[in-house]
Amino acid sequence: MKHKATWNKFSFSFIKKGFRFMFLHLSMKFFITPSLRTLILKSCGITFRNRKSVFIGTDVLFDNLKGTRTVIGENVTITTGTKIINHFPILSSNGVTEYSTGDITIGDNVFIGMNSLIIKPVTIGNGAVIGAGSVVTKDIPEKAIVGGNPAKIIDYIKDS
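Because the structure is a prediction, the values reported are computed rather than measured.

**Observations regarding the sheet that holds strand 2 (residues 47-48)**
Within a sheet, neighbouring strands are paired by backbone hydrogen bonds and run either parallel or antiparallel to one another.
Inference 1: Read across the open sheet, the 4 strands follow the order 2-5-10-13; overall the sheet is parallel. Lying at the two open borders of the sheet, with one neighbouring strand each, are strand 2 and strand 13 (123-124).

Spelled out as structure tokens, the structure:
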């Protein structure tokens, strides 16, 4: 799906977008409890399978465009500084005029390390571990341990 850049157009939905922006950025602050943080994010359009089992650290940014979804499974830990962005600029000779967009799905029992970047439409499989500072641009299989820029599979979690 493609999304046209609209930063040079004014519409009445601008006020609604402004309030949503404020709520999303309020959820990033340290004085918001984790349970209130997930409640604020749910009101801004993030979908949780069970929001009470999810921990989201401070300074975590969710950047959803209209028509896209971010779905988070159960027992997920998203640590401080992570950025989850479900669009990616398409470069042309005129610069950035449109974006490739899509849904981001995070499975159950996932750990996302500090300052990771999840960009482009991706699916992170159940039980995956994303190393700190990783840049995820492709789907991650179940129980994979990934790290780096771009994130590559390092190993798999073995069943005990």
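**Some thoughts on the pattern of salt bridges**
Inference 1: Applying the stated criterion to the full structure yields 4 salt bridges.
Inference 2: Of the charged contacts, one joins Lys 143 and Asp 159 as a salt bridge, the two residues approaching to 2.5 Å between their closest N and O atoms. Residue Lys 143 is found in the loop between strand 15 (135-136) and strand 16 (144-147), and its partner Asp 159 is found in the segment after strand 17 (152-156); the two are separated by 16 residues along the sequence.
Inference 3: Since its relative accessible area comes to 32%, Lys 143 is described here as partly exposed.
Inference 4: The closest approach of N and O atoms between Asp 155 and Lys 158, which form a salt bridge, is 2.9 Å.

**Here we look at the pairing of strand 9 (residues 95-101)**
Inference 1: Relative to strand 9, strand 8 (residues 87-92) runs antiparallel, the two sharing 6 bridges. Each bridged residue has a counterpart across the sheet, and for Leu 91 the counterpart in strand 9 is Val 96.
Inference 2: Hairpin geometry of strand 8 and strand 9 is characterised by an intervening segment of 2 residues between the two adjacent antiparallel strands.

**Some details on the nonpolar core**
Inference 1: Formed by 24 residues in total, the largest nonpolar core has its most connected members in Phe 62, Ile 72, Ile 78, Ile 106 and Ile 124.
Inference 2: For this core, the secondary-structure elements that each account for two or more residues are strand 10 (104-106) and strand 16.
Inference 3: In contact with Ile 78, not counting residues within four places along its chain, are Phe 55, Ile 56, Gly 57, Val 60, Phe 62, Ile 72, Ile 84, Ile 106 and Ile 112.

How each quantity is defined
Residues numbered from 1 in each chain as written. Predicted model: local features only at pLDDT ≥ 70, side-chain atom pairs only at ≥ 80, totals over all residues. Heavy atoms only, no water. Pairing = 2+ DSSP bridges. Helix = DSSP H or I, 4+ residues; strand = E, 2+ residues; numbered from the N terminus. Salt bridge = Lys/Arg side-chain N within 4 Å of Asp/Glu carboxyl O. Buried < 20%, exposed > 50% of the residue type's maximum accessible area, 1.4 Å probe, protein only. Core = buried A, V, L, I, M, F, W, Y, C linked by side-chain atoms within 4.5 Å. Contact = heavy atoms within 4.5 Å.

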